[in-house]
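Results of the structural survey
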Amino acid sequence: MERSTLQELTALHAVLDNGCLDDAERLFDSLGPANAGRGQAALALANGWLRAGQTARATPYCRILRTAPDTAATATTQLAQLHLQWGRHDDARRLIGPHPATLAQAALMLLATMEDDEAAWAMAQAAFERDWAGHPLAAALTGPPPDTAERRDGDIAHFWWAAARLRRCSGGGANTHDCLRRAIDAAPWRLDWYLELAGALFADMAPHLFGRHWLSLPVTFAGSWRWLLLTCRAHMLMGPNTDAALACCRTAQTLDPSRWQAFQAEAQIMSDFACLDHVDKSFRQFWNGKAKPPADPAGRDAPHARHRAARASRRAITLAPTAANWNDLGATLFAGGAMEAATDAFGQALVLDPRQRHAAINVAVTLLELGQFDALRHHMAHTEFLAPLPKSLQPMLRRADATDPDERWPDIWRMKVDYQEWLRRTVFSQSWWRELGEGR
Amino acid sequence: MKFLLAKCAWGTYVDTMLTVNLPSLLAAGNLPALATHANVEHLILTTPADAAIIDAHPVYRALKDVVPCRIECLPIAVASDSYSANIARMNEAHKRILAECAASGAAWLFDQPDHVWGRTALSYLARRAEAGVRCVMFAGIRTVRETMVPALSAWRHGQVLDIPHRALIGLATENFHAHDMVRFWGAPVAAPWAHHVNWRVGPHSFLRRSFYPQPFLIAAPDTGVAPSRSVDEDFVDQAYPDSSSVEFAQDTDDFAVIEVSPRLHVLDQHGTRLSVPLLAAWIDARINLRKREYFSHAIRFRGDATKEARWRRVEIFAARVATTAERFQTFHSVHAALGTDRPALATLLGRLLRDRAAHRFLTMPDGPVTLLIPGEDTIRDRLDDDISALAPWVADHLVSGDQPLAALLAAGRVTTLGGWTTTVGEACGRPMIGDAAVTDGDQRLGTVRVHWLTGPVRPSAYR
C-alpha cells in the first residue's frame, strides 16, 4: 500500500477512535471515489457505525466494500470479520456459506461456529483440518505461528485476526499476541486491532511485553487519544522514557480535554518526580542538620513536580470523580511527601466506594508512615481488605484485646522476617490504562 | 605490565562518555601518566552507528594522541532498550573483554561510560597492579547527571577534565543521586534494599560499607569465569575464590571514581529509616558470606578536611552497626530452623528480629552462642512484654560459646549473657540448670546448640 494511502487510513481510524463519526464521514468523502484505500476506509466507517449501534448508517459502507477496487475481491472476508468483531455470528456464517473459499474464510467460519455448541465446533474444526490440512497457515491455528507470512491468501490479515481470537478462546498467551501482531503487520491501519492487542497483553498480565510490542508497531495514530495514552504507558514501561510519555499524555489532553485518563497519566508520571523531590529535600535537611541549608540554585526545593502531579490528578477527579481517581490522587500526594493530604484523599475514595481495594490498604500504609498507630489499629479492625496486605501491614494484624495468644500475635510474627516489611509505598489503581485495553 | 582500559557504550551513554568519562581519563595522572611506563590500550565496544560518532569526536582524537585506541562493534542485535536487555548486552561485552585479557595477559582496568575518574585514580590502580595485587574493589557514588556535569565544568580545560579527588567527592556530595540518598544511616527516607550503607561524617564527607563493590582492576582471574548479571554481582567471588586476592580501595584520597546517572534512573521504592533489624533481615535474605566480607571494609569518601577523630568515631559506630546486624544472624538461623510446633518461640524471635530497639537491650557476643530454651507456656507468658523487658529475659537464656551439656555439668555453674549466674547440676537423675530441668540437651536449631528446659533459667522473681 502506498504511504499516502496508509496515512489517510491511519488518520481516519484515529478520528473514528475518538468517536467523531461525522468528521470521519467528511474525511471519507474527501478521499474521492478513485482513492486506492476507499474500500478499507469504508470498512472503517462501517465498523465505527456498528460500534455506535447504528446498523443503518453502516449499511451503505458495507455496499461500498463490495465495489471498491481495494476490497472487492475480499469483501466477503472483510464483512465476515466485521460481523464477528461485533458478535454477529449468524451474519458471518451466512456470508461465508457452507464452502469457505479461502483459508481466512475457513478460519472465520470456525470462529463463527465455536460459540454455538461443542458438536458444531468439533464438526467445523474437523472440516477445517480435512480441507486445509497441509496449508502452512492451518498449523497456525493450533501450533506456534509460522515464521514467514504466507501471502498467497489475499486476506491474510483476517486469517491472523481469526487465529488470534481462536487462540484466545483456548487460553490466550504469547501465540495470541503473535497472531494479532501478524494481523497488524498485514493491515497496519487497523487501530482497532492495535487496541485489541493492548487488551490481550494487559489481560495476560504481560506489561513488559506490552511495552516492547507497542513501541515496535508499524504505524502511529497521533490523532487518537487512546493510542497516545497507550503509547504513553509503553514509554513508562520501557526505559522509562519520561519525556516521550509526558509528550503523549499532554497531546492527548489537547486532543480531547474531557479524557480524565490523560490527566491521571500525567499525574502518575509526575509523581515519580515528586517522589524524587521529596527524597532530595528530606535528605538535604538531614545532611545539613542544624546548619542553614545552602542556596538552592537548581530549584530542587521548589515543589514543582508535586503541584503539577496533584493538579493533574485533581483535574482527572473533576472529569471523573471516581473512587479510583481519588485513590490515585492520594498515591500522588504520598509520593510527594504530603502524607496528611494523602490520607484525606484515600479516605474520600473509601467514602465513594468502601470496597476500593487500593485505597483501603493505602490508608493503612499512610497511617503507618505517619506513626498514627491508634488510628491504624482502628482502621485495620474495621476494614475489609480485598487485596493481600503488604508485608509492612501484616504485623499490625495483632489484636491486643484478643484472649487467645495466637490471635494477639498472628502468623506474620512467626514467619521469616522479610526486609520488605520496611517498605512503605502506596499503589495507584492503574485504571487509566487498564480501561484503555478494555476499549473504554 | 600490560593494561587494557575497556568498556562498552551505546545510545545515551555515548554522550556521557564523551562529555565526562573520556575527558577525566585524559587528566595528567590518569592515562597520560600510565602511558609513560606501561603498555596500555583503550578499548570501546559499541554499535556501528555509535562507533562513527565516537571516532569523529575531538575528545576521542585527543585520547588517540595519548594511548593506542580501538573501537570494536558489538555483534549482537539491539533487540530492545529495556533495562534487562541492556544488562544482557553489557555482560556479553564484558565476557569479550575478559577473553581478550586472558589471551593477551593484560590486566583489565574496568570502566563504564558514566564513570568520572579523579585525577590520579588510574595511577593508583597501576601501582597496586605492579605491586602484585590481582583485584582492587571500590564502591563509587552515584550522582545526578543533570546537575553534576555542569558542576564539573569548572575543572575542564579543553578536552581534559582534571579534578582533584577531594573536589570530586565534594561536588558529588552536593549532587547525590536518590539511589545513594536513600542508603544513608539516619536519613528519613530509605530504601529497604541495603546494597550499601553510608554514614555522614562531615559537610562533604561520608563513610560507606558496600555488599556489592565493583572491581576496578581485574588481573589474572581464574579462567572460565564470566559475569552472570553484572561484574558486581558474583563475578569476583568466582574469579578470585581466595578473598585475600582482593584488595579494597578504602580512601578516596587514593582512589576516587564517581558515576553520573539521569535523575530518574532506577527509581527505588522507599521505606522508613535504615535500622539494625532491617539490615539484619537484608543480610539474612540476600547476602552470602563473601558479600558480608566485602561489607567489613569501610571506605572513606573525603570531600573536606574532617578531622581524624571524627572519622574514627563514625567508623566505630558503623562497625558496631555492621557487627550487631551480623551477630543477629544467629537468631535468623534459629528462626528459620524452627518448625510449626514451637509457635511461641517463633513469635518471640519474630519480635526480637523486628524491633528496632532489641539490640540495645541484648548485646550478642562474637562467636557462637548456646540457647537455653524453656517450654512454650513459659515463653507465651512473656510475649506481651515490652522489648526493654523481653530482650534482657532472652539474654538470660543465652550463653556465650558452644556449650555442650556435659561441659556445663562439669563446670557446675553457668553465667548467661544477661549476667545471671546459676548452678548446673542433677536432680532425680535429670540435669538441672537453675530451677529448670533439661528435657532435651545438645539439640541443634540451625547452627546453634540448644538445651530445652522445663522452665525459665531465672526464678519468677525476675519480673
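That block above? That's the structure.
Bear in mind that the values here come from a model prediction, so they are computed numbers and not experimental data. (Residues numbered from 1 in each chain as written. Chains lettered and ligands numbered in written order. Predicted model: local features only at pLDDT ≥ 70, side-chain atom pairs only at ≥ 80, totals over all residues. Heavy atoms only, no water.)

A closer look at the overall build of chain B
The number of helices and strands found in chain B is 19 helices and 22 strands. Dimensions of chain B, computed from C-alpha atoms along their principal axes, come out at roughly 90 × 45 × 40 Å. Burial status across chain B gives 57% buried among its 463 residues. As displayed, chain B offers around 17,300 Å² of accessible surface, 52% of which is attributable to carbon and sulfur atoms. Side chains of chain B give 48 positive and 49 negative charges; the mean places of these two sets differ by 4 Å. (Helix = DSSP H or I, 4+ residues; strand = E, 2+ residues; numbered from the N terminus. Buried < 20%, exposed > 50% of the residue type's maximum accessible area, 1.4 Å probe, protein only. Areas by Shrake-Rupley, 256 points an atom, 1.4 Å probe, with all protein chains shown as cover. Lys, Arg positive; Asp, Glu negative; His and termini not counted. Charge placed at Lys NZ, Arg CZ, Asp CG, Glu CD.)

Section: the packing of aromatic side chains
A complete count under the given rule lists 35 aromatic pairs over all chains for this structure. Judged by centre distance (5.7 Å) and plane angle (55 degrees), the rings of A:Phe283 and A:Phe286 are tilted. Of this pair, A:Phe283 and A:Phe286 both sit in helix 15 (residues 260-288), separated by three residues, roughly a single helical turn. Centroid distance B:Phe110 to B:Phe216: 6.1 Å. Interplanar angle 90 degrees. Geometry classified as edge-to-face. In this pair, B:Phe110 is assigned in strand 4 (residues 107-110) and B:Phe216 in strand 12 (residues 214-218), connecting sequence segments 106 residues apart. (Phe/Tyr/Trp six-rings, centres within 6.5 Å; stacked < 30°, edge-to-face > 60°.)

A look at the pairing of strand 20 (residues 430-433) of chain B
Working note: regular strand, side chains alternate between the two faces of the sheet. All names here are of chain B. As paired elements, strand 19 (residues 421-427) and strand 20 share four bridges and run antiparallel to each other. Bridge assignment links Ala427 to a residue of strand 20, and that residue is Arg430. As consecutive antiparallel partners, strand 19 and strand 20 are separated by two residues, and within that stretch Cys428 has a phi angle of approximately 50 degrees, a positive value. Two strands pair when backbone bridges link them, and strand 20 and strand 21 (residues 436-445) are joined in this way by two bridges, in the antiparallel orientation. When the bridges of strand 21 are listed, Ile433 appears paired with Ala436. Between strand 20 and strand 21, which pair antiparallel in sequence order, lie two residues; one of them, Gly434, sits at a positive phi of approximately 60 degrees. (Pairing = 2+ DSSP bridges.)

Things to note about the side chain of A:Asp17
All names here are of chain A. Tracing the sequence through the fold places Asp17 in helix 1 (residues 3-17). Given the relative accessible area of 5%, Asp17 is considered buried. Among residues more than four places away in sequence, those in contact with Asp17 are Arg51, Leu191, Leu195, Ser224, Trp225 and Arg226. (Contact = heavy atoms within 4.5 Å.)

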